[in-house]
Amino acid sequence: MTLHLDDLRVRRLGECRYDSPFSEMLSTKQTSPHYVAEGDRVLLEDTVSMLAEHSLPPGRVPSFEAAGPRRKIYFDPARVTAGIITCGGLCPGLNNVIRGLVQELTVHYKVKRILGFRNGLQGLTAEHRNDAIELTPDRVRDIHNAGGTILGSSRGGQDADEMVDSLVLRGINILFVIGGDGGMRAATFLSKAIRARGLDIAVIGVPKTIDNDLPFTDQSFGFQSAFARATDFISSVSIEAAASPNGVGIVKLMGRHSGFIASYAALAANAADIVLIPEIPFALGGADGLLAHVEQHVRSKGFVVIVVAEGAGQDLFEEHGLPQHNGRGTDASGNVKLGNIGELLKESITAHLTAVGLAPAMRYIDPSYAVRSIAANAYDSVYCLRLAHAAVHAAMAGRTEAAVARWRRRFVHVPLSLMTSRGNQVDPDGDLWMSVLETTCQPARFGSAPDRGELNRAS
Ligand SMILES: Nc1ncnc2c1ncn2[C@@H]1O[C@H](COP(=O)(O)OP(=O)(O)OP(=O)(O)O)[C@@H](O)[C@H]1O
Ligand SMILES: O=P(O)(O)OC[C@H]1O[C@](O)(CO)[C@@H](O)[C@@H]1O
Ligand SMILES: [Mg+2]
(Lines give C-alpha, C1' and ligand atoms only; values in the text may rest on other atoms or scores of the structure.)
(Ligands and ions follow the chains in the order given, each with its own letter.)
Protein backbone atom coordinates (compact mmCIF):
# COMPACT_ATOMS: atom_id res chain seq x y z
CA MET A 1 0.00 0.00 0.00
CA THR A 2 1.54 3.31 -1.04
CA LEU A 3 0.67 6.09 1.34
CA HIS A 4 0.73 9.75 0.45
CA LEU A 5 1.09 12.72 2.74
CA ASP A 6 -2.66 13.41 2.54
CA ASP A 7 -3.47 9.91 3.90
CA LEU A 8 -1.47 10.78 7.01
CA ARG A 9 -3.14 14.10 7.83
CA VAL A 10 -4.97 14.29 11.14
CA ARG A 11 -8.30 16.08 11.35
CA ARG A 12 -8.39 19.23 13.48
CA LEU A 13 -11.51 20.65 15.08
CA GLY A 14 -10.34 24.22 14.44
CA GLU A 15 -7.77 26.89 15.12
CA CYS A 16 -5.84 26.68 18.40
CA ARG A 17 -6.52 29.99 20.14
CA TYR A 18 -5.86 29.30 23.83
CA ASP A 19 -2.42 29.47 25.41
CA SER A 20 -1.36 26.02 26.55
CA PRO A 21 -0.38 25.67 30.20
CA PHE A 22 2.83 24.27 28.74
CA SER A 23 3.61 27.36 26.67
CA GLU A 24 6.04 28.79 29.21
CA MET A 25 7.90 25.51 29.49
CA LEU A 26 7.99 25.22 25.70
CA SER A 27 9.11 28.77 24.97
CA THR A 28 12.75 27.89 25.54
CA LYS A 29 12.63 24.70 23.47
CA GLN A 30 14.20 24.43 20.06
CA THR A 31 13.29 21.69 17.64
CA SER A 32 15.56 18.82 18.62
CA PRO A 33 15.61 15.06 18.17
CA HIS A 34 13.38 14.89 21.26
CA TYR A 35 11.09 17.81 20.76
CA VAL A 36 9.19 18.67 17.62
CA ALA A 37 7.57 22.04 17.10
CA GLU A 38 4.12 22.27 15.50
CA GLY A 39 4.56 21.62 11.78
CA ASP A 40 7.53 19.29 12.00
CA ARG A 41 6.84 15.69 11.15
CA VAL A 42 8.07 12.13 11.72
CA LEU A 43 8.92 10.09 8.62
CA LEU A 44 6.71 7.15 7.74
CA GLU A 45 9.66 5.24 6.33
CA ASP A 46 13.19 5.10 7.63
CA THR A 47 15.50 3.68 5.04
CA VAL A 48 17.28 5.69 2.37
CA SER A 49 16.03 3.37 -0.37
CA MET A 50 12.39 3.68 0.69
CA LEU A 51 12.66 7.45 0.82
CA ALA A 52 14.43 7.62 -2.53
CA GLU A 53 11.60 5.64 -4.13
CA HIS A 54 9.24 8.57 -3.61
CA SER A 55 11.51 11.09 -5.42
CA LEU A 56 9.59 13.81 -3.58
CA PRO A 57 10.71 17.08 -2.00
CA PRO A 58 11.08 16.75 1.84
CA GLY A 59 7.77 18.56 2.45
CA ARG A 60 5.84 15.94 0.48
CA VAL A 61 7.51 12.83 1.86
CA PRO A 62 4.95 10.66 3.73
CA SER A 63 5.17 11.54 7.42
CA PHE A 64 3.15 11.58 10.62
CA GLU A 65 2.30 14.58 12.73
CA ALA A 66 4.52 14.50 15.81
CA ALA A 67 2.69 14.11 19.13
CA GLY A 68 3.38 16.33 22.13
CA PRO A 69 2.32 19.58 23.75
CA ARG A 70 1.54 22.59 21.57
CA ARG A 71 2.01 26.21 22.56
CA LYS A 72 -1.59 27.00 21.59
CA ILE A 73 -4.51 24.68 22.27
CA TYR A 74 -8.02 24.36 20.91
CA PHE A 75 -10.09 23.69 24.03
CA ASP A 76 -10.44 26.05 26.97
CA PRO A 77 -9.47 23.59 29.75
CA ALA A 78 -11.85 25.26 32.22
CA ARG A 79 -14.79 24.16 30.04
CA VAL A 80 -13.65 20.65 29.24
CA THR A 81 -15.31 17.45 30.43
CA ALA A 82 -13.36 14.42 29.31
CA GLY A 83 -14.61 10.85 29.03
CA ILE A 84 -12.66 7.59 29.03
CA ILE A 85 -13.67 4.09 27.95
CA THR A 86 -11.76 0.82 27.77
CA CYS A 87 -13.03 -1.82 25.35
CA GLY A 88 -12.22 -5.31 24.10
CA GLY A 89 -10.04 -7.90 25.85
CA LEU A 90 -7.89 -7.06 28.83
CA CYS A 91 -4.33 -5.89 28.35
CA PRO A 92 -1.61 -5.02 30.86
CA GLY A 93 -1.40 -1.26 31.26
CA LEU A 94 -5.07 -0.26 30.84
CA ASN A 95 -5.10 1.20 34.35
CA ASN A 96 -1.79 2.96 33.73
CA VAL A 97 -3.26 4.73 30.70
CA ILE A 98 -6.39 5.72 32.64
CA ARG A 99 -4.22 7.06 35.45
CA GLY A 100 -1.92 8.91 33.03
CA LEU A 101 -4.87 10.54 31.26
CA VAL A 102 -6.46 11.67 34.53
CA GLN A 103 -3.22 13.04 35.94
CA GLU A 104 -2.23 14.92 32.80
CA LEU A 105 -5.71 16.39 32.33
CA THR A 106 -6.04 17.53 35.93
CA VAL A 107 -2.51 18.43 37.01
CA HIS A 108 -1.34 20.29 33.91
CA TYR A 109 -4.46 21.32 32.01
CA LYS A 110 -6.58 21.81 35.15
CA VAL A 111 -9.52 19.96 33.61
CA LYS A 112 -12.09 19.67 36.40
CA ARG A 113 -14.33 16.85 35.27
CA ILE A 114 -13.41 13.45 33.92
CA LEU A 115 -15.93 10.63 33.56
CA GLY A 116 -15.04 6.98 33.26
CA PHE A 117 -17.78 5.14 31.37
CA ARG A 118 -18.32 1.58 32.59
CA ASN A 119 -17.79 -1.63 30.62
CA GLY A 120 -16.72 -0.35 27.23
CA LEU A 121 -19.28 0.86 24.72
CA GLN A 122 -22.08 -0.42 26.98
CA GLY A 123 -21.29 2.50 29.25
CA LEU A 124 -22.40 4.88 26.51
CA THR A 125 -25.90 3.42 26.16
CA ALA A 126 -28.94 5.21 27.56
CA GLU A 127 -29.26 2.50 30.18
CA HIS A 128 -25.73 2.91 31.51
CA ARG A 129 -24.65 6.48 30.72
CA ASN A 130 -25.35 7.57 34.28
CA ASP A 131 -23.26 4.77 35.77
CA ALA A 132 -20.09 6.64 34.74
CA ILE A 133 -17.72 7.31 37.61
CA GLU A 134 -15.90 10.56 38.37
CA LEU A 135 -12.19 10.06 37.90
CA THR A 136 -9.94 12.17 40.09
CA PRO A 137 -6.20 11.95 40.84
CA ASP A 138 -7.12 10.48 44.24
CA ARG A 139 -9.35 7.84 42.67
CA VAL A 140 -6.63 6.69 40.26
CA ARG A 141 -3.57 7.05 42.51
CA ASP A 142 -2.84 3.34 42.98
CA ILE A 143 -4.65 1.73 40.09
CA HIS A 144 -1.51 1.11 38.01
CA ASN A 145 -0.44 -1.56 40.47
CA ALA A 146 -3.25 -3.83 39.34
CA GLY A 147 -4.06 -5.58 36.07
CA GLY A 148 -7.42 -5.32 34.33
CA THR A 149 -9.28 -2.03 34.08
CA ILE A 150 -11.07 -0.20 36.86
CA LEU A 151 -13.69 0.83 34.29
CA GLY A 152 -14.49 -2.67 33.11
CA SER A 153 -14.62 -3.66 29.45
CA SER A 154 -16.92 -5.49 27.08
CA ARG A 155 -17.45 -6.72 23.56
CA GLY A 156 -20.47 -6.02 21.38
CA GLY A 157 -21.80 -3.16 19.26
CA GLN A 158 -24.05 -0.30 20.31
CA ASP A 159 -26.12 2.27 18.45
CA ALA A 160 -23.97 5.23 17.34
CA ASP A 161 -26.66 7.87 17.86
CA GLU A 162 -27.46 6.60 21.32
CA MET A 163 -23.77 6.77 22.23
CA VAL A 164 -23.43 10.29 20.85
CA ASP A 165 -26.56 11.29 22.82
CA SER A 166 -24.77 10.05 25.94
CA LEU A 167 -21.71 12.16 25.18
CA VAL A 168 -23.90 15.23 24.68
CA LEU A 169 -26.03 14.58 27.77
CA ARG A 170 -22.94 14.06 29.93
CA GLY A 171 -21.32 17.19 28.46
CA ILE A 172 -18.29 15.39 27.02
CA ASN A 173 -15.92 17.47 24.82
CA ILE A 174 -13.13 14.92 24.58
CA LEU A 175 -13.47 11.13 24.49
CA PHE A 176 -10.52 8.77 24.92
CA VAL A 177 -11.12 5.29 23.56
CA ILE A 178 -8.62 2.72 24.79
CA GLY A 179 -9.11 -0.35 22.62
CA GLY A 180 -7.77 -2.77 20.05
CA ASP A 181 -8.63 -2.95 16.36
CA GLY A 182 -12.34 -3.19 17.25
CA GLY A 183 -12.01 -0.29 19.69
CA MET A 184 -10.35 1.82 16.99
CA ARG A 185 -13.21 0.94 14.62
CA ALA A 186 -15.70 1.90 17.30
CA ALA A 187 -13.87 5.22 17.74
CA THR A 188 -14.12 5.81 14.00
CA PHE A 189 -17.81 4.91 13.99
CA LEU A 190 -18.46 7.31 16.89
CA SER A 191 -16.39 10.07 15.28
CA LYS A 192 -18.44 9.82 12.09
CA ALA A 193 -21.70 10.11 14.03
CA ILE A 194 -20.28 13.09 15.94
CA ARG A 195 -19.18 14.74 12.72
CA ALA A 196 -22.57 14.09 11.07
CA ARG A 197 -24.19 16.09 13.87
CA GLY A 198 -21.59 18.88 13.62
CA LEU A 199 -20.55 18.45 17.25
CA ASP A 200 -17.34 19.83 18.70
CA ILE A 201 -16.17 16.62 20.38
CA ALA A 202 -12.65 15.25 19.95
CA VAL A 203 -12.18 11.48 19.81
CA ILE A 204 -8.69 10.16 20.46
CA GLY A 205 -7.81 6.47 20.39
CA VAL A 206 -5.15 4.84 22.52
CA PRO A 207 -4.40 1.53 20.78
CA LYS A 208 -4.02 -1.48 23.04
CA THR A 209 -3.63 -5.16 22.37
CA ILE A 210 -1.46 -7.94 23.68
CA ASP A 211 -1.60 -9.43 20.18
CA ASN A 212 0.40 -6.48 18.76
CA ASP A 213 -1.80 -6.75 15.67
CA LEU A 214 -2.35 -3.03 15.09
CA PRO A 215 -0.48 -1.25 12.29
CA PHE A 216 1.53 1.98 12.46
CA THR A 217 2.75 1.42 15.98
CA ASP A 218 6.15 -0.06 16.83
CA GLN A 219 4.58 -2.27 19.49
CA SER A 220 1.28 -1.88 21.26
CA PHE A 221 1.27 -1.30 25.02
CA GLY A 222 0.86 -4.41 27.16
CA PHE A 223 2.60 -6.58 24.60
CA GLN A 224 5.94 -6.60 26.42
CA SER A 225 4.35 -7.46 29.77
CA ALA A 226 2.25 -10.18 28.16
CA PHE A 227 5.06 -11.93 26.34
CA ALA A 228 7.33 -11.68 29.39
CA ARG A 229 4.67 -13.54 31.41
CA ALA A 230 4.19 -16.07 28.62
CA THR A 231 7.92 -16.78 28.75
CA ASP A 232 7.55 -18.17 32.28
CA PHE A 233 5.01 -20.73 31.07
CA ILE A 234 7.28 -21.89 28.23
CA SER A 235 10.14 -22.34 30.68
CA SER A 236 7.92 -24.34 33.05
CA VAL A 237 6.62 -26.60 30.33
CA SER A 238 10.09 -27.22 28.97
CA ILE A 239 11.33 -28.23 32.43
CA GLU A 240 8.36 -30.60 32.78
CA ALA A 241 8.81 -32.07 29.29
CA ALA A 242 12.56 -32.56 29.73
CA ALA A 243 12.03 -34.42 33.00
CA SER A 244 9.62 -37.02 31.57
CA PRO A 245 10.20 -39.89 29.15
CA ASN A 246 8.87 -38.87 25.72
CA GLY A 247 7.92 -35.50 27.15
CA VAL A 248 5.84 -33.20 24.99
CA GLY A 249 5.37 -29.64 26.20
CA ILE A 250 2.80 -27.48 24.46
CA VAL A 251 2.03 -23.88 25.38
CA LYS A 252 -0.90 -22.22 23.63
CA LEU A 253 -0.75 -18.43 23.63
CA MET A 254 -3.13 -15.74 22.46
CA GLY A 255 -2.73 -14.24 19.02
CA ARG A 256 -5.80 -14.42 16.88
CA HIS A 257 -4.23 -13.28 13.60
CA SER A 258 -0.67 -12.52 14.65
CA GLY A 259 2.04 -14.66 16.15
CA PHE A 260 3.98 -11.90 17.90
CA ILE A 261 3.46 -13.13 21.47
CA ALA A 262 4.34 -16.70 20.47
CA SER A 263 7.46 -15.56 18.58
CA TYR A 264 8.77 -13.14 21.21
CA ALA A 265 8.02 -15.41 24.16
CA ALA A 266 9.68 -18.34 22.38
CA LEU A 267 12.77 -16.23 21.68
CA ALA A 268 12.88 -14.97 25.27
CA ALA A 269 12.53 -18.44 26.79
CA ASN A 270 14.87 -19.88 24.16
CA ALA A 271 13.53 -23.33 24.96
CA ALA A 272 11.06 -24.06 22.16
CA ASP A 273 11.79 -26.52 19.39
CA ILE A 274 8.78 -25.53 17.32
CA VAL A 275 6.80 -22.29 17.05
CA LEU A 276 3.51 -22.25 15.15
CA ILE A 277 1.86 -18.96 14.19
CA PRO A 278 -1.21 -17.94 12.16
CA GLU A 279 0.91 -16.36 9.44
CA ILE A 280 2.53 -19.66 8.43
CA PRO A 281 0.32 -22.62 7.48
CA PHE A 282 1.58 -26.08 8.36
CA ALA A 283 0.71 -29.69 7.64
CA LEU A 284 0.38 -32.32 10.37
CA GLY A 285 1.03 -35.48 8.38
CA GLY A 286 3.55 -36.55 5.74
CA ALA A 287 7.31 -37.05 5.80
CA ASP A 288 7.96 -33.34 6.40
CA GLY A 289 4.85 -32.70 8.45
CA LEU A 290 4.72 -31.48 12.04
CA LEU A 291 4.08 -34.94 13.52
CA ALA A 292 7.17 -36.41 11.85
CA HIS A 293 9.29 -33.58 13.27
CA VAL A 294 7.81 -34.02 16.73
CA GLU A 295 8.62 -37.73 16.57
CA GLN A 296 12.17 -36.98 15.44
CA HIS A 297 12.73 -34.61 18.40
CA VAL A 298 11.37 -37.15 20.87
CA ARG A 299 13.57 -39.89 19.42
CA SER A 300 16.75 -37.82 19.27
CA LYS A 301 16.44 -35.52 22.28
CA GLY A 302 13.90 -37.33 24.42
CA PHE A 303 11.37 -34.49 24.47
CA VAL A 304 9.94 -31.62 22.46
CA VAL A 305 8.59 -28.15 23.31
CA ILE A 306 5.99 -26.47 21.09
CA VAL A 307 4.69 -22.91 21.33
CA VAL A 308 1.50 -22.34 19.37
CA ALA A 309 -0.46 -19.14 18.78
CA GLU A 310 -4.23 -19.60 19.04
CA GLY A 311 -4.81 -18.54 15.41
CA ALA A 312 -2.31 -21.04 13.96
CA GLY A 313 -3.41 -23.98 11.82
CA GLN A 314 -7.07 -23.00 11.63
CA ASP A 315 -7.38 -24.67 8.22
CA LEU A 316 -6.64 -28.03 9.88
CA PHE A 317 -10.03 -28.21 11.57
CA GLU A 318 -11.81 -28.79 8.30
CA GLU A 319 -9.22 -31.36 7.30
CA HIS A 320 -9.83 -33.20 10.57
CA GLY A 321 -13.61 -33.10 10.21
CA LEU A 322 -14.30 -30.87 13.16
CA PRO A 323 -17.37 -29.01 11.87
CA GLN A 324 -17.97 -27.08 15.08
CA HIS A 325 -14.83 -25.13 14.29
CA ASN A 326 -15.70 -24.51 10.66
CA GLY A 327 -19.12 -22.96 11.11
CA ARG A 328 -17.15 -20.98 13.66
CA GLY A 329 -19.59 -18.24 14.52
CA THR A 330 -18.51 -14.96 16.01
CA ASP A 331 -18.31 -13.30 19.40
CA ALA A 332 -20.43 -10.27 20.30
CA SER A 333 -17.96 -7.95 18.55
CA GLY A 334 -17.97 -9.95 15.33
CA ASN A 335 -14.61 -11.64 15.90
CA VAL A 336 -14.49 -15.17 14.49
CA LYS A 337 -14.38 -17.83 17.21
CA LEU A 338 -11.31 -19.93 16.64
CA GLY A 339 -10.88 -23.68 16.81
CA ASN A 340 -8.77 -24.81 19.75
CA ILE A 341 -5.45 -25.57 18.05
CA GLY A 342 -3.83 -26.53 21.36
CA GLU A 343 -6.31 -29.35 21.93
CA LEU A 344 -5.99 -30.47 18.30
CA LEU A 345 -2.18 -30.67 18.65
CA LYS A 346 -2.41 -32.43 21.98
CA GLU A 347 -4.72 -35.10 20.56
CA SER A 348 -2.93 -35.64 17.25
CA ILE A 349 0.54 -35.73 18.80
CA THR A 350 -0.60 -38.17 21.50
CA ALA A 351 -2.20 -40.42 18.88
CA HIS A 352 0.84 -40.28 16.58
CA LEU A 353 3.50 -40.90 19.23
CA THR A 354 1.45 -43.70 20.80
CA ALA A 355 1.09 -45.34 17.38
CA VAL A 356 4.87 -45.33 16.84
CA GLY A 357 5.54 -46.76 20.30
CA LEU A 358 6.55 -43.52 22.03
CA ALA A 359 3.51 -42.95 24.27
CA PRO A 360 4.12 -39.38 25.42
CA ALA A 361 4.03 -37.59 28.75
CA MET A 362 1.88 -34.69 27.59
CA ARG A 363 2.34 -31.32 29.34
CA TYR A 364 -0.14 -28.95 27.77
CA ILE A 365 -0.98 -25.53 29.17
CA ASP A 366 -3.11 -22.68 27.93
CA PRO A 367 -2.17 -19.67 30.05
CA SER A 368 -4.06 -17.18 27.87
CA TYR A 369 -5.96 -15.18 30.51
CA ALA A 370 -3.08 -15.46 32.99
CA VAL A 371 -0.91 -13.67 30.44
CA ARG A 372 -3.16 -10.73 29.71
CA SER A 373 -4.67 -10.00 33.14
CA ILE A 374 -1.42 -9.01 34.86
CA ALA A 375 -0.25 -5.50 35.74
CA ALA A 376 2.07 -3.73 33.31
CA ASN A 377 5.80 -4.28 33.76
CA ALA A 378 8.17 -1.33 34.20
CA TYR A 379 8.71 -0.85 30.46
CA ASP A 380 4.99 -0.85 29.66
CA SER A 381 4.29 1.44 32.64
CA VAL A 382 6.52 4.11 31.14
CA TYR A 383 5.11 3.52 27.68
CA CYS A 384 1.48 3.76 28.88
CA LEU A 385 2.18 6.98 30.74
CA ARG A 386 3.79 8.58 27.73
CA LEU A 387 0.98 7.46 25.42
CA ALA A 388 -1.50 8.99 27.86
CA HIS A 389 0.41 12.27 27.84
CA ALA A 390 0.47 12.27 24.04
CA ALA A 391 -3.28 11.52 23.91
CA VAL A 392 -4.13 14.43 26.21
CA HIS A 393 -1.93 16.87 24.25
CA ALA A 394 -3.52 15.72 20.98
CA ALA A 395 -7.06 16.17 22.26
CA MET A 396 -6.41 19.53 23.91
CA ALA A 397 -4.90 20.76 20.63
CA GLY A 398 -8.17 19.86 18.88
CA ARG A 399 -6.98 16.74 17.08
CA THR A 400 -9.73 14.21 16.46
CA GLU A 401 -10.39 10.92 14.66
CA ALA A 402 -6.79 10.02 15.46
CA ALA A 403 -4.87 7.60 17.61
CA VAL A 404 -1.60 8.19 19.40
CA ALA A 405 1.17 5.71 18.74
CA ARG A 406 4.89 5.25 18.89
CA TRP A 407 6.33 4.95 15.41
CA ARG A 408 10.02 4.46 14.87
CA ARG A 409 10.47 5.36 18.57
CA ARG A 410 8.70 8.73 18.22
CA PHE A 411 5.21 9.52 19.48
CA VAL A 412 2.92 10.45 16.59
CA HIS A 413 -0.72 11.07 15.63
CA VAL A 414 -2.13 8.40 13.33
CA PRO A 415 -5.48 9.03 11.58
CA LEU A 416 -8.00 6.40 12.70
CA SER A 417 -8.64 5.59 9.05
CA LEU A 418 -5.07 4.27 8.87
CA MET A 419 -5.15 2.54 12.25
CA THR A 420 -8.08 0.46 11.00
CA SER A 421 -6.86 0.05 7.42
CA ARG A 422 -5.08 -3.25 7.98
CA GLY A 423 -3.63 -5.54 10.63
CA ASN A 424 -0.07 -6.14 11.71
CA GLN A 425 1.38 -9.60 11.28
CA VAL A 426 4.69 -11.36 11.60
CA ASP A 427 6.34 -11.18 8.18
CA PRO A 428 7.29 -14.73 7.16
CA ASP A 429 10.11 -13.19 5.13
CA GLY A 430 11.14 -10.76 7.85
CA ASP A 431 13.91 -10.69 10.42
CA LEU A 432 11.73 -11.59 13.45
CA TRP A 433 10.62 -14.88 11.95
CA MET A 434 14.18 -15.49 10.74
CA SER A 435 15.32 -15.18 14.37
CA VAL A 436 12.70 -17.74 15.39
CA LEU A 437 13.93 -20.15 12.71
CA GLU A 438 17.54 -19.56 13.73
CA THR A 439 16.72 -20.24 17.38
CA THR A 440 14.45 -23.26 17.05
CA CYS A 441 16.16 -24.75 13.99
CA GLN A 442 12.70 -25.74 12.75
CA PRO A 443 12.21 -25.93 8.97
CA ALA A 444 10.75 -22.95 7.12
CA ARG A 445 7.65 -25.08 6.45
CA PHE A 446 6.12 -28.21 7.93
CA GLY A 447 4.95 -30.42 5.09
CA SER A 448 3.42 -29.32 1.88
CA ALA A 449 1.34 -26.50 3.32
CA PRO A 450 0.38 -24.06 0.57
CA ASP A 451 2.61 -21.03 0.33
CA ARG A 452 1.19 -17.63 1.21
CA GLY A 453 0.94 -16.59 -2.42
CA GLU A 454 -1.30 -19.56 -3.16
CA LEU A 455 -3.44 -18.83 -0.10
CA ASN A 456 -3.85 -15.17 -1.06
CA ARG A 457 -4.83 -16.11 -4.59
CA ALA A 458 -7.38 -18.62 -3.29
CA SER A 459 -9.08 -16.19 -0.88
N1 LIG B 1 -16.75 -1.76 12.93
C2 LIG B 1 -17.16 -1.43 14.17
N3 LIG B 1 -18.02 -0.43 14.36
C4 LIG B 1 -18.45 -0.09 15.59
N5 LIG B 1 -18.03 -0.70 16.73
C6 LIG B 1 -17.16 -1.70 16.60
C7 LIG B 1 -16.67 -2.13 15.33
N8 LIG B 1 -15.80 -3.15 15.51
C9 LIG B 1 -15.76 -3.35 16.84
N10 LIG B 1 -16.56 -2.50 17.49
C11 LIG B 1 -16.78 -2.45 18.94
O12 LIG B 1 -15.57 -2.10 19.61
C13 LIG B 1 -15.50 -2.77 20.86
C14 LIG B 1 -14.16 -3.47 20.97
O15 LIG B 1 -13.99 -4.41 19.92
P16 LIG B 1 -13.44 -5.90 20.18
O17 LIG B 1 -14.30 -6.59 21.17
O18 LIG B 1 -13.24 -6.54 18.87
O19 LIG B 1 -12.06 -5.67 20.92
P20 LIG B 1 -10.76 -4.90 20.47
O21 LIG B 1 -10.94 -3.45 20.74
O22 LIG B 1 -10.40 -5.30 19.09
O23 LIG B 1 -9.70 -5.43 21.51
P24 LIG B 1 -8.90 -6.83 21.51
O25 LIG B 1 -8.80 -7.34 20.11
O26 LIG B 1 -7.56 -6.49 22.07
O27 LIG B 1 -9.66 -7.72 22.42
C28 LIG B 1 -16.66 -3.73 20.95
O29 LIG B 1 -17.64 -3.19 21.81
C30 LIG B 1 -17.13 -3.82 19.51
O31 LIG B 1 -18.50 -4.08 19.39
O1 LIG C 1 -11.96 -14.53 25.51
P2 LIG C 1 -12.03 -13.16 24.99
O3 LIG C 1 -12.20 -12.10 26.01
O4 LIG C 1 -12.98 -13.01 23.86
O5 LIG C 1 -10.61 -12.81 24.39
C6 LIG C 1 -9.87 -13.60 23.53
C7 LIG C 1 -9.14 -12.76 22.54
O8 LIG C 1 -8.60 -11.60 23.11
C9 LIG C 1 -7.32 -11.33 22.59
O10 LIG C 1 -6.40 -11.52 23.60
C11 LIG C 1 -7.21 -9.94 22.15
O12 LIG C 1 -7.48 -9.15 23.29
C13 LIG C 1 -7.11 -12.37 21.47
O14 LIG C 1 -5.81 -12.80 21.35
C15 LIG C 1 -8.01 -13.46 21.90
O16 LIG C 1 -8.46 -14.20 20.80
MG1 LIG D 1 -9.43 -7.05 18.33
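This one's a predicted model, so the numbers in the text were calculated from it and none came from an experiment.

## Regarding the site of ligand 1
Ligand 1 sits among 20 residues. The nearest are Gly-156, Asp-181, Gly-182, Gly-183 and Ser-333. Within the contact set of ligand 1, an oxygen atom lies 2.7 Å away from a backbone nitrogen or oxygen of Gly-89. Lys-208 is positioned such that a nitrogen or oxygen atom in its side chain is 2.8 Å from an oxygen atom of ligand 1. Protein contacts shield 84% of the accessible area of ligand 1, which totals 630 Å² for the unbound molecule. Residue contributions to the shell around ligand 1 peak at 6 residues, all from helix α6 (residues 181-196). Each residue belonging to the shell around ligand 1 can be placed in one class, and the counts come to 4 nonpolar, 12 polar and 4 charged.

## Looking at the site of ligand 2
In the region of ligand 2, the neighbouring residues are Gly-89, Arg-155, Ile-210, Asp-211, Met-254, Gly-255, Arg-256, Glu-310, Tyr-369 and Arg-372. A distance of 3.0 Å separates an oxygen atom of ligand 2 from a polar side-chain atom of Arg-155. One of the side-chain N or O atoms of Tyr-369 is found 2.4 Å from an oxygen atom in ligand 2. Within the complex, the protein chains bury 79% of what would otherwise be the 400 Å² of accessible surface of ligand 2.

## Remarks on helix α3 (residues 94-108)
With 15 residues, α3 should cover 21 Å at 1.5 Å per step; its first-to-last C-alpha distance of 21 Å lies within 8% of that length. Extensive coverage of α3 is indicated by the burial of 12 of its 15 residues. Inspection of α3 places Leu-94, Asn-95, Asn-96, Val-97, Ile-98, Arg-99, Gly-100, Leu-101, Val-102, Glu-104, Leu-105 and Thr-106 among the buried residues, and these make up the whole buried set. The first or second residue beyond α3 is Lys-110, which carries a positive phi of 60°.

## Quick notes on the domain arrangement of the chain
Bring the parts together and some accessible area is lost; that lost area is often taken as the interface size. Partitioning the chain into structural domains gives domain 1 (5-220 + 376-419) and domain 2 (223-373 + 427-458). Spacing between the C-alpha centres of domain 1 and domain 2 amounts to 35 Å. With 20 residues of domain 1 in contact, the opposing surface of domain 2 contributes 18 residues. Summed over both partners, the interface of domain 1 with domain 2 buries about 1600 Å², with 48% contributed by carbon and sulfur atoms. The largest per-residue losses of area from domain 1 upon contact with domain 2 belong to Arg-155, Ile-210 and Asp-211, which jointly make up 36% of the total buried on that side.

## Some remarks on the side chain of Asn-424
With respect to the element layout, Asn-424 can be found in the loop between α14 (416-419) and α15 (431-440). According to the relative accessible area criterion, Asn-424 is buried, its value standing at 18%. Apart from residues lying up to four places away in sequence, Asn-424 is in contact with Asn-212, Asp-213, Leu-214, Pro-215, Ser-258 and Phe-260.

## Concerning the confidence of the model for the chain
For the chain, the mean per-residue pLDDT works out to 92, and 94% of the residues sit at or above 70. Contacts of residues 451-459 to residues separated by more than four positions or lying in other chains number 8 contacts, the stretch itself having pLDDT below 50. Note on the complex model: pTM 0.93, ipTM 0.98.

## Topic: the pairing of strand β10 (residues 202-207)
Of all 6 residues in β10, 6 are buried; the element is thus mostly enclosed. The alternating pattern of β10 places Ala-202, Ile-204 and Val-206 on one face and Val-203, Gly-205 and Pro-207 on the opposite face, and all of these are buried. With 6 bridges connecting them, strand β9 (residues 174-179) and β10 associate as parallel partners. The residue of β10 that forms the bridge with Ile-174 is Ala-202. At this point the chain moves from β9, through α6, to the parallel β10, and the crossover so formed is right-handed. Pairing between β10 and strand β16 (residues 402-407): 2 bridges, direction parallel. Bridge pairing in β16 places Ile-204 opposite Ala-402.

## Brief notes about the packing of aromatic side chains
Tallying each qualifying case throughout the model produces 11 aromatic pairs. Judged by centre distance (6.0 Å) and plane angle (70°), the rings of Phe-64 and Phe-216 are edge-to-face. In this pair, Phe-64 sits in strand β4 (residues 63-66) while Phe-216 sits in the loop between β10 and α7 (223-242), placing the two residues 152 residues apart along the sequence. Just as Phe-64 is buried, Phe-216 falls in that class too. For the pair Tyr-74 and Phe-75, a centre-to-centre distance of 4.9 Å together with 85° between the ring planes defines the contact as edge-to-face. Using a relative accessible area of 15% as the deciding quantity, one classes Tyr-74 as buried.

## Brief notes about the environment of Val-275
Within the secondary structure, Val-275 is located in strand β12 (residues 274-276). Spatially, the C-alpha atoms of Val-275 and Gly-179 are 28 Å apart, while their sequence positions differ by 96 residues. Those residues in contact with Val-275 that sit more than four places away from it in its chain are Ala-262, Ser-263, Ala-266, Val-307, Trp-433, Val-436, Thr-440 and Gln-442.

Rules used throughout
- Residues numbered from 1 in each chain as written.
- Chains lettered and ligands numbered in written order.
- Predicted model: local features only at pLDDT ≥ 70, side-chain atom pairs only at ≥ 80, totals over all residues.
- Heavy atoms only, no water.
- Near = heavy atom within 4 Å.
- Polar contact = N/O pair within 3.5 Å; in protein donor to acceptor, adjacent residues only side chain to side chain.
- Areas by Shrake-Rupley, 256 points an atom, 1.4 Å probe, with all protein chains shown as cover.
- Helix = DSSP H or I, 4+ residues; strand = E, 2+ residues; numbered from the N terminus.
- Nonpolar A, V, L, I, M, F, W, Y, C, P; charged D, E, K, R; others polar.
- Expected span 1.5 Å × (residues − 1).
- Buried < 20%, exposed > 50% of the residue type's maximum accessible area, 1.4 Å probe, protein only.
- Domains from an automatic or database assignment.
- Contact = heavy atoms within 4.5 Å.
- Buried area = accessible area lost by both parts, 1.4 Å probe.
- pLDDT = per-residue confidence, 0-100.
- Pairing = 2+ DSSP bridges.
- Right-handed = clockwise from strand over helix to strand, strands pointing away.
- Phe/Tyr/Trp six-rings, centres within 6.5 Å; stacked < 30°, edge-to-face > 60°.

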